[in-house]
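Residues per chain are reported as follows:
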Amino acid sequence: MGTQTTTNPHTSQPRILDTVMRSYQVVLKCDSPVQREEINQRIRGLEERQHHLLTQNVVKQAVALYRANPKERFFVRQVGKAVRKNPNIAESAYHWLQIAVKGKIDKEQKVEGMLNFMQKNPQQLVEWMVFGRSPYTECSMGKYWKLNRRYVINLLTSSRLQLDSYNRKKKRDYYFSKTLVFNGALPTYTQLDVVQGIDDALAYQTNTFALLPTLSKNQQTFLNKLHLLKQERQVVVPFVTSWINSYQSSRWKSLKKLSKELATIIGKPNRKLFSAVRQIVVFTLFDHFMQSVPQLLKGLPAAKLVPLPFKRKKKGRLPIKLLMKKDYVISREGNASDLTRQVKKQGTTTLGFPLKGKKKLTAQVLFPPKVLEYLKNGAEIKVFQVSSGSAPSFKPRVDVVLEGAHDCFRSFTLLHCYLSQIPKGRNKVLGIDINRLGQYMVVFNTPIPLPPDLLHLAKRYKQLTEKVLNELNKGFFNKRKVYDVKGACKLKGELNRVYKRRSCLLREITRLLPHFLAAALVKKQCQTLKIEKLTSDPAGTKGALAKAIYNMPDSLYIYKKAVWLASLELGYDVELETVSPYHTSSKHYGCGGMIVRDDKHHDFAPCRKCGQQVNTHKNATMNIASLQGTLLPYDLFPSTHVRGSS
């Protein structure tokens, strides 16, 4: 049944010693609340000066300078000469400007690649013009760029909106029809046109799939959906025609609603018809859009679809960047090397906040033990970032950016704490299933209890979600009904604070989980960790599914870091493999029968074949551990933001 390997663990391969940069918050200790508020006010004044430097004229000149010489080493100095403004605060302001301009140029290249891809795929082009999104394009571009799908979705949507804005201003002769506006009105169509669209979509997919030797399960299911819609065209055609001829505030969301209504009317409420209905709409509109869209995209500059940086900047939100080569704005004791040696020895340093005509204020910077441990491992201080705080505490925030080899940023303190809580035993292959927060949020194919600190955090998260937030939301809407502006404003602020507190809890759980998983791998002397292939995307989902996905600390980063920590502790590389997620939770590992999964049976459910009550999470891990996996390469950790050593 199993596919567990019996080979000996291979020795650890030499790792690439790239330098990475990590940011950590440190504590700014002031003598009194009055001094803290005064220091915060001075930082806010610096942020205001920084804000006024980043005008649109400065941004345009910076973009032109970067295009002329992307490898300019003294970019900040050159920008100051070009705009003839180079005050002390410019060292920080133009540093942020360089990062933003670099991001704009990179985004322009991606937009240009996206447009080239769509011009070669007319069906995806029409889908993008109609909905602002294209799932096939999102998956293709995400794999090609090796980026998160959410980034590609935002890129598609924003560039579609920018295309409307640009065409309305520059191409009024071509852009006279409102049918091309994102989320606007579509051209008027008859029911005969929709019938033809159904036939075209079915014929296109049939011919495309005929070229393949065998059809996958998803391909056959999609073809069956198109056949079903054609068979029920007497019901489908009027609804789709009405949808096309009506104005929609959001075509993507409204089409999802329409597909659910069609499934209910047809008598198959559990069938997901969104992709099939979407393709019918695309083929219905294909001829009209392909007559006008190529004219709009012909010679379209990708730079116009990416707005300039800081176009909608918020006043005073950029922190002050304290580059170690300068002694401007906020004073510190020595350069980066001096500060690194001082903090290693004392654990603290001092920042000074001068102001013309007033006494210079100083505050002590305290470094947490974790950061001190990283410094002792060989990391060095690179940059300080200082930002002002808001009322009522007016507490400034100070972040330190450390630079060093990736192995510098490791800590085995938590791992060793968790080791004593894990039972003894040896498992060469561990299967793992991460679920929504709670008692079963992390389950292995062997009994390993959750540590008390993770259970406590999950309990607090559940209390905030199910009790506190529900009560606050109910009170907020009641205040709005009776037009109690002051009370509603107060509850709104409390809601924001609770949401922030809940996100901090999830972030803390995500921080602790890799150490717990690594401890399990070390204690069990694991050679292979098997996980489900991560494909969950909560975009566009609602209800229980969206809540479950958002309440799962399920990220590839967790597994990568756990495997990395365990490999360093064990002395050999632990392999990380992904398996197909299909039927891991619904197929009974013991007898092979199907498990009844519905809203009433989540953690425990009966098996239809043997009738046994099955722990669905433990059953999933047994299936995961027994399946053939695909080995992930060892260079997945550190992540893609690692900067190569210069």
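Residues numbered from 1 in each chain as written. Predicted model: local features only at pLDDT ≥ 70, side-chain atom pairs only at ≥ 80, totals over all residues. Heavy atoms only, no water.

### Overview of the overall build of the protein chain
Operational definition: Counting from the N terminus, the helices are DSSP H or I runs at least four residues long and the strands are E runs at least two residues long. Throughout this description, buried means an accessible area under 20% of the type-specific maximum (1.4 Å probe, protein chains only), exposed means over 50%, and partly exposed covers the range between. Residue contacts are defined here by distance: any two heavy atoms, one from each residue, within 4.5 Å place the two residues in contact. For accessible areas, the Shrake-Rupley method is used with a probe of radius 1.4 Å. Any residue's cover is judged against the shown protein chains and nothing else.
When its secondary structure is counted, the protein chain shows 20 helices and 14 strands. For the protein chain, buried positions account for 46% of its 646 residues. For the protein chain, the proportion of contacts with a sequence separation of at least 24, taken over those separated by at least 6, is 72%. Carbon and sulfur atoms form 52% of the exposed surface of the protein chain, whose accessible area is close to 35200 Å².

### Considerations on the sheet that holds strand S14 (residues 630–631)
We apply this condition: Pairing between strands requires that DSSP locate at least two bridges from one strand to the other. Fitting a line to C-alpha atoms yields each axis, with helices limited to the stretch in contact; the angle taken between N-to-C directions then spans 0 to 180 degrees.
Strands sit in the order S9-S8-S10-S11-S14 across an open sheet of five strands; the sheet is mixed. Every other strand in the sheet has two partners, leaving strand S9 (442–444) and S14 as the edge strands with one partner each. Here strand S8 (residues 429–434) pairs with S9 via three bridges, running antiparallel. Its bridge partner lying in S9, Ile432 is registered against Phe444. Where helix H19 (residues 556–570) meets the sheet, its contacts fall on S8, strand S10 (528–532) and strand S11 (575–579), and the angle it forms with S10 comes to roughly 180°.

### Structural notes on the confidence of the model for the protein chain
As a reminder of what qualifies: Known as pLDDT, the predictor's per-residue confidence is scaled from 0 to 100.
Across the protein chain, the average pLDDT comes to 83, with 88% of residues at or above 70. In this model, residues 1–17 is a region of pLDDT below 50 whose contacts with residues beyond four sequence positions or in other chains number 32 contacts. Counting contacts from residues 540–550, a segment whose pLDDT is below 50, to residues more than four positions away or on other chains yields nine contacts.

### Topic: the sheet that holds strand S1 (residues 19–29)
Spatially, the seven strands line up as an open sheet ordered S2-S6-S7-S1-S5-S4-S3, and their pairing is antiparallel. Edge positions in the sheet fall to strand S2 (320–323) and strand S3 (331–332), since each has one partner strand and no second. The sheet contacts of helix H1 (residues 33–53) involve S1, S2, strand S4 (348–355), strand S5 (358–366) and strand S6 (380–387), and relative to S5 the element is tilted by about 100°. Running at roughly 30° to strand S7 (residues 397–405), helix H14 (residues 369–376) makes contact with S1, S6 and S7 of the sheet.

### Things to note about the packing of aromatic side chains
Stated precisely, the cut-off is as follows: Centre distance within 6.5 Å is the pairing criterion for rings of Phe, Tyr and Trp, where only the six-membered ring of Trp is used; planes under 30 degrees apart are then read as stacked, over 60 as edge-to-face, and the remainder as tilted.
Applying the stated rule across the entire model yields 15 aromatic pairs. Here Tyr204 and Phe283 contribute two aromatic rings whose centre-to-centre distance is 5.3 Å and whose plane-to-plane angle is 50°, an arrangement assigned as tilted. One end of the pair, Tyr204, is in helix H8 (residues 191–210); the other, Phe283, is in helix H12 (residues 274–297), and 79 residues separate them in sequence. Since its relative accessible area comes to 38%, Tyr204 is described here as partly exposed. In this structure Phe283 comes out as buried when scored by relative accessible area, which is 16%. Seen in terms of ring centroids, Phe444 and Phe516 are 6.2 Å apart; in terms of plane orientation they differ by 70°. Their pairing is edge-to-face.

### As for H14
Rules: What the arc describes is the spread of directions from the helix axis to the C-beta atoms.
Of all the positions in H14, only Val371, Tyr374 and Leu375 are classed as buried. For H14, the angular spread of the buried residues around the axis is 100°, confining them to a single face. Of the exposed residues in H14, the ones pointing more than 90 degrees away from its buried face are Pro369 and Lys376. In this structure, the buried residues of H14 make contact with S1, helix H13 (336–346), S6 and S7. Following H14 by one or two positions, Gly378 has its phi on the positive side, about 125°.

### Topic: unusual backbone geometry
One non-glycine residue with positive phi stands out, namely Lys146, at about 60°. Relative to the helices and strands, Lys146 is located in the loop between helix H6 (135–145) and helix H7 (149–170). The exposure class assigned to Lys146 is exposed, which follows from its relative accessible area of 70%. Residue Tyr483 is not a glycine yet carries a positive backbone phi of 60°. With respect to the helices and strands, the residue Tyr483 is situated in the loop between helix H16 (452–481) and helix H17 (485–523). For Tyr483, a relative accessible area of 72% translates into the label exposed.

### Describing the pattern of salt bridges
What counts is decided by this rule: Within this document, salt bridges are pairs made up of a side-chain nitrogen of Lys or Arg and a carboxyl oxygen of Asp or Glu, the two lying within 4 Å of each other.
Inspection of every chain in the model, using the stated rule, returns 16 salt bridges. Close ionic contact of Arg42 with Glu38 constitutes a salt bridge, the shortest N to O distance being 3.2 Å. Of the two residues, Arg42 and Glu38 both sit in helix H1, four residues apart, roughly one turn of that helix. Residue Glu38 is classed as partly exposed on the basis of its relative accessible area of 27%. When the shortest N-O distance is used, the salt bridge between Asp199 and Lys230 registers 3.5 Å. Of this pair, Asp199 sits in helix H8 while Lys230 is found in helix H9 (residues 217–231), placing the two residues 31 residues apart along the sequence. Exposure remark for Asp199: the relative accessible area of 28% places this residue in the partly exposed category. Taken together, the shared-partner salt bridges connect Arg67, Lys104 and Glu108 into one network.

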